[in-house]
Amino acid sequence: MTVVSLETNKLANYISGQWVDVGNTTPVINPATGDTIVEVPLSDASSVDHAVTQAKKAQKEWALVPAPQRAEVLYQVGYLMKERKERLAQLLTMENGKVLEEARGEVQEGIDMAFYMAGEGRRLFGQTTPAELKDKFAMSQRAPVGVVGIITPWNFPIAIATWKSFPAIVAGNAVIWKPATETPIMAYELAKIFEESGLPVGVLNVVFGAGSSVGDAMVQHKDLRVISFTGSDATGRNIASECGRQLKKVSLEMGGKNAIIVMDDADIDLAVEGIIWSAFGTSGQRCTACSRVIVHEKVKETLEERLLAKMEELTIGNGLDESIKVGPIINKAGMDKIKDYMEIGKAEGAKLLAGGYELNVGDNGKGNYFAPTLFSNATAEMRISQEEIFGPVVSLISVKSFEEAIEVNNGVDFGLSSSIFTTDVNRVFQAQRDLDTGIVYVNAGTSGAEIHLPFGGTKGTGNGHRDSGVQALDVFTEWKAVYVDYSGKLQRAQIDVD
Ligand code: NAP
């Protein structure tokens, strides 16, 4: 396989169609090898201010372009992403570590989002509705908000950005995007694609830099009317309180503590496949990763045995190697957090059945690898069953009934994704009603969202907004109610009715 390379060793901000060098940089490290891939700018508030000023000008014009024409740009973006899918996937694996097969899947998600949101250019539906008075017309329509800020995490460096920027752009907004410092390459590549797609300059702007400087400057900037954020609980809560103070619209997608329920009538082999994929894919570093298995006590032993056997087959290493199933952990801080939870789990009395240690595999021993880990005999209240670990770690909790399984699933602060394996159709429908998560899967793992459905969670996972799906448009548009009176006289609502 030919491995692609970047044509630069230093990225630059993309502001108003210009590649702007800001001097200060930090290295982007390949988590599989410890090697530096490229240098990324560490911008400050002045870059944000410059980008917002330019974006404001561009947005005025962009909002007047008919939406079907705005959509043409997204079609073009989709075609270019499709053409460059393999390049994007390889670069994504290098900066993020996820295995190539998954990286291709993530890029595909972006391609799907481009075509789906381009279609919205011919919909962006509002409503017409009867007016109370004679000779009067009433309708509601979507209006762009203006300049919006999007802040994205390292674990899905391209898909999440497309969930946010594509609906924003088709709806007539301009975007300031701050990608995670760990994974800036997808932002650089996507900005180049937009540049080639005929997007007017200033509609999409990328500002690289740390959350504490660039991210914070975006949240503080009075002319950014929306902040759409995906990331950790702690950062999201801080952003929410600052946006609340400023009455700024904020959309938050944060953590998860997702569970797979395995009932006593489940197809156990299928459930094992679902657990392996959801718990150890992306090394457990997905917001939808399965980190709890809630198993009916009657099938606990069988499930454990088969799960352990399948875990042994997992190949761990550099995701660029097609035979690898589990890639590295993003960085040292991520590794330390996972290691801490090993001690916490053991101290809490959970039984470590597999894994629990750092691995020295990969090209030069400098990658961050952690063995797929299974804790058994966990209880619902333990910290390993309550807190997001963000690594290849699963806690197995045994229950006596369907009702108890639902209660355990719902007994966490997060509410992103859940899954149930059962062959009982009544249980299927009860579960999809009672599981308190934004996403529910039946006879599938906890990951596998499709872009035309709303993505997000209940409770501590967010604040009620959704990424992707037609619902994403609600974040980036204002509803406007329009009344047209063609009676030729002043008609007062609620008063001039006979
Ligand atoms: P994070 O540390 O909160 O970072 C997310 C983004 O926020 C990064 O771009 C970061 O910038 C930026 N940021 C950090 N501090 C900031 C501040 N004070 N003001 C503004 N922006 C700031 O989260 P992460 O560790 O990258 O991501 C993992 C988390 O994301 C997990 O909890 C996972 O569950 C969650 N996630 C949720 C979803 C979902 O849809 N629910 C999807 C994917 C991931 P820098 O990193 O460059 O400093």
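Bear in mind that the values here come from a model prediction, so they are computed numbers and not experimental data.

Caption draft 1: Broad picture of the nonpolar core. Ranked by internal contacts, the top residues of the largest apolar core, which has 70 residues, are M81, F166 and F194. If we ignore the near neighbours within four places in the chain, the residues touching F194 are V73, L74, V77, F166, I169, L199 and L204. Within the second largest apolar cluster, 28 residues are counted, among which are I294, I338, I384 and I420.

Caption draft 2: Representation of the site of the ligand. Taken together, 29 residues form the shell around the ligand, and within it T152, T181, S232, M254 and E388 come nearest. For the ligand, an oxygen atom lies 2.8 Å from a polar atom in the side chain of K178. Separating an oxygen atom of the ligand from a side-chain N or O atom of T181 is a distance of 2.5 Å. Burial of the ligand by the surrounding chains reaches 85%, relative to a free accessible area of 900 Å².

Caption draft 3: Layout of the packing of aromatic side chains. Enumeration over the complete set of coordinates arrives at seven aromatic pairs. The interplanar angle of 65° and the centroid separation of 5.3 Å between the aromatic rings of W19 and Y188 together place this pair among those described as edge-to-face. Of the two residues, W19 is situated in strand β2 (residues 18–20) and Y188 in helix α6 (residues 185–196); the sequence distance between them amounts to 169 residues. Classification of W19 by relative accessible area gives partly exposed; the value is 32%. Among the residues examined, Y188 registers a relative accessible area of 9% and is labelled buried.

Caption draft 4: Main features of the side chain of T437. Residue placement: T437 occurs in the loop between α14 (425–434) and β21 (439–442). Separated by 2.8 Å, the side chains of T437 and S418 make a polar contact. Setting aside its immediate chain neighbours within four residues, T437 contacts N409, G415, L416, S417, S418 and T458.

Caption draft 5: Local environment of the domain arrangement of the protein. Looking at the assigned domains, one finds that the protein contains domain 1 (13–254 + 462–481) and domain 2 (258–442). Here domain 1 and domain 2 have C-alpha centroids that lie 31 Å from each other. Between domain 1 and domain 2, the contact holds 24 residues from the first and 27 residues from the second. Between domain 1 and domain 2 lies a buried interface of about 2000 Å² when both sides are counted; carbon and sulfur atoms form 57% of it. Where domain 1 touches domain 2, the interface holds two salt bridges. With a closest N to O distance of 3.3 Å, E102 and R286 form a salt bridge. The interface formed by domain 1 and domain 2 holds eight residue pairs in polar contact (both at pLDDT 80 or more) in total. Elements with a contribution of two residues or more to the side of domain 1 that touches domain 2: α3 (85–96) and α4 (100–120). Grouping the amino acids of the side of domain 1 that touches domain 2 by side-chain chemistry returns eight nonpolar, seven polar and nine charged.

Caption draft 6: A look at the pairing of strand β6 (residues 136–144). With four bridges joining them, strand β5 (residues 127–130) and β6 adopt antiparallel strand pairing. In the sheet register, Q127 faces β6, and the bridge partner there is S140. Taking the residues that link successive antiparallel strands as the turn, the β5-β6 hairpin has five residues, and the phi of D135 there is positive, at about 50°. Sheet topology note: the β6/strand β23 (residues 477–485) ladder contains nine bridges and is antiparallel. Each residue of the ladder has a partner; that of A138, found in β23, is Y483.

Reading the values: rules and limits
Residues numbered from 1 in each chain as written. Predicted model: local features only at pLDDT ≥ 70, side-chain atom pairs only at ≥ 80, totals over all residues. Heavy atoms only, no water. Core = buried A, V, L, I, M, F, W, Y, C linked by side-chain atoms within 4.5 Å. Buried < 20%, exposed > 50% of the residue type's maximum accessible area, 1.4 Å probe, protein only. Contact = heavy atoms within 4.5 Å. Near = heavy atom within 4 Å. Polar contact = N/O pair within 3.5 Å; in protein donor to acceptor, adjacent residues only side chain to side chain. Areas by Shrake-Rupley, 256 points an atom, 1.4 Å probe, with all protein chains shown as cover. Phe/Tyr/Trp six-rings, centres within 6.5 Å; stacked < 30°, edge-to-face > 60°. Helix = DSSP H or I, 4+ residues; strand = E, 2+ residues; numbered from the N terminus. Domains from an automatic or database assignment. Buried area = accessible area lost by both parts, 1.4 Å probe. Salt bridge = Lys/Arg side-chain N within 4 Å of Asp/Glu carboxyl O. Nonpolar A, V, L, I, M, F, W, Y, C, P; charged D, E, K, R; others polar. Pairing = 2+ DSSP bridges.

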